[in-house]
Every structure is written in structure tokens, then in C-alpha cells.
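Close look at the chain arrangement
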Amino acid sequence: MSINIVNISKKFGSFEALKDINLTINTGELVALLGPSGSGKTTLLRIIAGLEYADAGEILINEREMISRKIRERKVGFVFQHYALFRNMTVFENVAFGLKVRPRGLRPPKNEITGRVHELLRLVQLESHAERYPRQLSGGQRQRVALARALAVEPSVLLLDEPFGALDARVRIELRRWLRKLHDELHITSVFVTHDQDEALEVADKVVVMNAGRIEQTGGPEEVYDNPASPFVFNFLGAVNIFHGRVHDGCAHIGSLKIDSREHVDVPDTMVVGYVRSHDIDIGRTATGGSSIPARVRTIHRVGNIVRVELLPDDGQGAVEAEITRDRLNELNLQEGEGVHIRPKKVKVFIEDYQI
Amino acid sequence: MNLSLKKQSILPGFFPSLGITLLYLSLIVLIPLSTIFLRSAALTFGRFMEIVTAPRVVASFALSFGASLVAAVTNVFIGVLLAWVLVRYKFPGKGLVDALVDLPFALPTAVGGIALTTLYAENGWIGRLLAPLGIIAVFNPLGIVIALIFIGFPFVVRTVQPVLLELDVEIEEAAASLGAGRVQTFVRVVFPSILPAVLTGFVLSFARALGEYGSVVFIAGNMPMKTEIVPLMIMTKLEQFDIPAATAIAFVMLVASFILLLLINFLQWKSGKNLVSG
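Conventions adopted
- Residues numbered from 1 in each chain as written.
- Chains lettered and ligands numbered in written order.
- Predicted model: local features only at pLDDT ≥ 70, side-chain atom pairs only at ≥ 80, totals over all residues.
- Heavy atoms only, no water.
- Pairing = 2+ DSSP bridges.
- Helix = DSSP H or I, 4+ residues; strand = E, 2+ residues; numbered from the N terminus.
- Axes fitted to C-alpha atoms, helices over the stretch in contact; angles between N-to-C directions.
- pLDDT = per-residue confidence, 0-100.
- Parallel < 35°, antiparallel > 145°, perpendicular 65-115°, else oblique.
- Left-handed = near helix turned anticlockwise from the far one by under 90°.
- Contact = heavy atoms within 4.5 Å.
- Buried < 20%, exposed > 50% of the residue type's maximum accessible area, 1.4 Å probe, protein only.
- Core = buried A, V, L, I, M, F, W, Y, C linked by side-chain atoms within 4.5 Å.
- Nonpolar A, V, L, I, M, F, W, Y, C, P; charged D, E, K, R; others polar.

All names here are of chain A. An order of S6-S7-S8-S3-S9-S10 is seen for the six strands of this open sheet, with the pairing classed as mixed. This sheet does not close on itself; its edge strands, each paired only once, are strand S6 (76-79) and strand S10 (214-219). Taking the axes of each pair of neighbouring strands and ignoring which way they run, one obtains an average angle of 20° across the sheet.

Put into C-alpha cells, the structure is as follows:
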């Protein structure tokens, strides 16, 4: 079932949480709302669910108006960051809850409920834990129970609010891959909120990057990573280095670098900022006229197979971090304090007044 | 020598703190109460039974336990509602209402009793309204219940309030997203979570009501067989210097209260054992 978000605005007092949001989520998609805290992503999710009122705008689920409907009537499955399991009920009772509270006429018979709950527990691999209480489960297991509970009512869409936020790093990764697999089996339209770019890029079909109540960019994971629409997106999706320079006649000059920047050909001589990902910086022993900047190695940190090299450009710009492999480090035989040349492989140029 | 009682613990001070606890309990609770046993042991069993089964005494037992039970049950409803309002809603004057709840704790109970008697007397502000309906509170068991409600309800509010505060609103949102109505959410999700606290509040309110003397004697009128409570019976016996009789009644009261509290504590433990974290 598709979700259409039309001109949604929301204020908390004088704070504008959402400013005129428009977004379409297609049937069967797994969409990540990605942004820092305070960007409005959770508020948007809660408005879709009906847990929060919008000041203006419309929500359509499967082409049907939802704003006037209460959460009970929307048929959305909602998964909370802190699980929100019913502590006084066993795992089985938790999952069965949504079926048991249905009005008598719509309530399935008891044996059907039992069958359905066991089927869902099998799906989340917790069949042997049916009689346990939430306090006897680990965080990852609790979240799977919460997911089974939400799926039990056969929701038209599944909404997940930072579903892995309260879990430790390993369980997080395991569970998000498992969620992706589950989605591939069920094809239920799903929206999840996260502030973890890895999570969004790995799991989602479509990533919606949000900042300060607005959508910065919507696109596939590769699209938003490779072609960020704004400095914010560039910054948010991974470690980045910033170089200041000028652009004229469609060519950016950053220190000794000359970068072809045709999209800015109409712009008169202006200050620009070049963004380069740490792993898009190579280090060389020799200068390559126009595509390298002389610098000095300040520190070398080895993190597993990755080596982070901090460099100070000779032209006085801020420190630059390069991420290279250990093989490359050995090949270069770098020492701290040495003079080298920074070679950015891929630079994205934005006009300066796009402040972050 | 290695004491098997003490397990190795990084928290020091087990023996000193246990010692102080037991000493304190003995001095303040056990020794004074044991004198009741000793005193009533001076009676023969026949005499003891004669005292505690006297019709006036039996009537006072029935009244005390009955009125306390009714008051405690009423307080559960009023107290939970009040705690709910104080936790979940914002309204002007909330701080004041919150502070007013504690007033029955602080007020000398006799003051409360006199105030209630004045209000509920047939020519009092409230009594005047009740009289045409045929309800006469003062000098009736109803008056006793009113006084016991007054002194007991803060216990329920103050025990339920913190538990409600801690209860995540998300739990209710989850129930709503699964299609549960407000009533279903309260009955199936919220109430079981606060039940242990409600039971604690009930016990405290009930226990307080059983022992209450000051506020009740004014509104009760103390008519034999009708509005005499157990503490009053004990006082009466003491005033007649019939100390063995007073202790005999106190003994029954003590044992009955203890059994009741034990029972409720057991229920509370049962209802709360699945709620620890999660």
C-alpha cells in the first residue's frame, strides 16, 4: 500500500518540526527517514501513524485520507525504539494482543489466533520463547517480538521508529539484515526512522534525508551517497573533508587544485567549498600539477585494515583526513612528519553560502 | 572463622546495617508489641474468649474491619483517578492540587474529624444537602467510612503516582496502534502494570484505617453496638483500668491485621513478579 504525504507541517510551540513536507512512498518499498536528532523524522513517522496531529496537510494511505482517522482505525503497524512490550504478558500474549482486542464480530476464533501467533513467532525465530515474559528476553529478541506483534494485525504499512537504536552494535547489524530479508519475503510497505547512515544505506530501497524539518534529498542509497544534493547530505552520509576556494568560468580553484565544475559555469567569480570523502583521498609522494595539494603527515592511526592519515596542507587550510588501506600505507612507507601530496580523487563543489 | 552466612560482597557493612535494623525493629516494634502478648497471656483462655466474644466487642471488630475495607476500596478508585489526573494532564493549579493531597497526612486527625463532623452534621454544609435524601452521615457507620477515606486516600495517590509516571506512554500508544480502545488499553495494559502499587496503596490505606482513632471518634458518636470502633473499645477498657481486657482485644486486632497484611503482600508479590524491568 502506498503512502502519500502532502504538504504536512507541524509546530511544537514556536519550533517548526516539519515544514511543508511532500513525499510519496510506493507500495512494497522499504524507506529510511534519515537525519540528525531534531530533524523531524520521528515526528513525521508519528504523524503517518496517527500518534501525532499535523497542523496542516494530508496523509493518504493506499489513496485513502487518514488525517481524520484515529490510530486504531489506520491499520498501521508501529514498532518503537524501546520495544514498548506489555510487561505483564508473555511473548505469546503480546503477539496475540492485537487480535484479541478486536470487536467480537471481527475477532478470529481462538485456535486461529493461536495458529497465527505461532506462525509469526516462527517468522521471527522465537517460537520456543512463547511462554517467556519480556524481561526474560534480550534486546534483539524483544524487538523481534515487537515486530511480530505489529505484524499480527496484518497492517497496511509498517512503521519503525529507530528500531535498532537501543541495541548494541553487533545485534544491530544482524537484526537490520534480518529485517531486510523479512521485507523481501513480506513486501509490506515499510518506513523506518534512523540517524545511522550505515543502517539507512544498507537496508533501505529509498533514503529520505531530513534536516531541520525539511527533506534535503530523496533517492536510492547509492544515489544519495554518490550524488548528494546539498552539503548537508554530503556531510551527514559520512566523514568528509572541506576545502575552500573560488570558482570562475566553470573551473574551481582550491589551493593548487583545479577542478572542472561545469555546473557552476554561469556563476561569476565566487567563493566555493569542495567536499571530499576521506576514502576519496589518495596520498602520493610526487606532485601531479593541478590535481594535488602539498601537505605534511601529522598522525597515522591504524584501525584494523583501514589507516586514517591526518594531513596538514601547506597552504594553511584545515587538517585533512585520508582513509587508505594498510597495503597502500606500506607501499608508500609513510612516516609522521613527512611532506607528501594529497590527491583528491573525487571532489564535489558547492557554492559557499550553502552553510551547513 | 569463616562465617557461612556472609557471602563475599563488594558492598560493605552487611552486619552493622542488619544489626542496626534488627535492634531498631526490636526497640520500636517488637518489644512494645510483645507486651501485648505477655499481658494477654495473664488471662485464662476462657476469660480471654469471654472478653473478645462479648457482643459489643464483636460488633466493634465487624465495624472496624468492614468500614476500613470499604474506605480502602473507595480510596483505590479515588486515589488511582487522582494519581492519573496528576500524572497525565497539565492544568492550572496542578501544583496546588498535588500539595493538597498530602494535607490529611499532616493534619492532626482530630482536626480532620471535627471538620468532617461539622460539615456532615444535619445542619452542616454537606449534611444539610444529604438530609433531605434520607442520608445521615454523622453518628453512623457512613460517617466513619468518610473519615477513613479522608485519612487514607493520600496513601493510594502517593504509591500509584510514581509508578504511573514511570509507565511509558509508548505502551499505550502501542496498544492503540494494535487496535485497542481506551478501556481495553487501561484494563489489559495499564492496570496490570500499576496493580502492585495499587495493592500497596490499598494495604497502607487499609492498615491506617484499622488503627485510626482521632478523626473517627468525633464523627462516629460512639454508640455501643452501632458506631464503636476497636481502638475506641481498647481506649474504653483502658479508662476502666481493665488492662488485660484491653490487651486481649488488641491481641486479636494485631493477629487479624497481621494475617491480612501478609495475605495482601503475598498477592502483591504474585502480581508484580513479571513486571521487573522490560
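Let us look at the confidence of the model for chain B. Residue and element names in this part refer to chain B. Scored by pLDDT, chain B comes out at a mean of 87, with 95% of its residues at no less than 70. Averaged over each element, pLDDT in chain B is lowest for helix H13 (residues 243-272) (86) and highest for helix H3 (residues 55-88) (93). Here the complex is predicted with pTM 0.78, and the ipTM for its interfaces comes to 0.80.

What follows deals with the packing of helix H8 (residues 141-166) of chain B against helix H10 (residues 182-211) of chain B. Residues and elements named next belong to chain B. Their axes nearest at 8 Å, the elements H8 and H10 cross at an angle of 150°. The angle between H8 and H10 places the two elements in the roughly antiparallel class. Here H8 runs over H10; the crossing is right-handed. Contacts between H8 and H10 involve Leu 148, Ile 151, Gly 152, Phe 155, Val 156, Thr 159, Val 160, Val 163 and Leu 164 from the former and Val 190, Ser 193, Ile 194, Ala 197, Val 198, Thr 200, Gly 201, Phe 202, Leu 204, Ser 205, Arg 208 and Ala 209 from the latter.

Let us look at helix H1 (residues 41-49) of chain A. All names here are of chain A. Extensive coverage of H1 is indicated by the burial of eight of its nine residues. If you check which residues of H1 are buried, you get Lys 41, Thr 43, Leu 44, Leu 45, Arg 46, Ile 47, Ile 48 and Ala 49. Gly 50 sits one or two residues past H1 and shows a positive phi near 95°.

With that out of the way, let us pick up the nonpolar core. Residue and element names in this part refer to chain A. The biggest cluster of nonpolar side chains holds 46 residues, and the ones touching the most others in it are Val 95, Leu 121, Leu 147 and Leu 158. For this core, the element with the highest residue contribution is helix H5 (residues 139-152), accounting for seven residues. When neighbours within four sequence positions are excluded, Leu 121 is seen to be in contact with Val 91, Val 95, Leu 126, Glu 127 and Ala 130.

For a regular strand, side-chain orientation follows a simple rule: the groups alternate between the two sheet faces. All names here are of chain A. Relative to strand S2 (residues 15-25), strand S1 (residues 3-12) is paired through seven bridges, and the arrangement is antiparallel. Opposite Ile 3, over in S2, you have Ile 25 as the bridge partner. Taking the residues between adjacent antiparallel strands as the criterion, S1 and S2 are bridged by two residues, where Gly 13 takes a positive phi near 65°.

This brings us to the packing of H3(B) against H10(B). Residues and elements named next belong to chain B. Two elements in contact, H3 and H10, have axes whose closest approach is 8 Å; the angle formed by their N-to-C orientations is 135°. Looking at the two axes, H3 sits oblique to H10. Helix-helix and strand crossings are classified by hand; for H3 and H10 the assignment is right-handed. Listed contacts from H10 to Ser 64, Phe 65, Ser 68, Leu 69, Ala 72, Val 73, Asn 75, Val 76, Val 80 and Trp 84 of H3 are Arg 182, Phe 186, Val 190, Ile 194, Val 198, Phe 202, Ser 205, Phe 206, Ala 209 and Leu 210. Its residues assigned to classes, the contact of H3 with H10 comprises 15 nonpolar, four polar and one charged.

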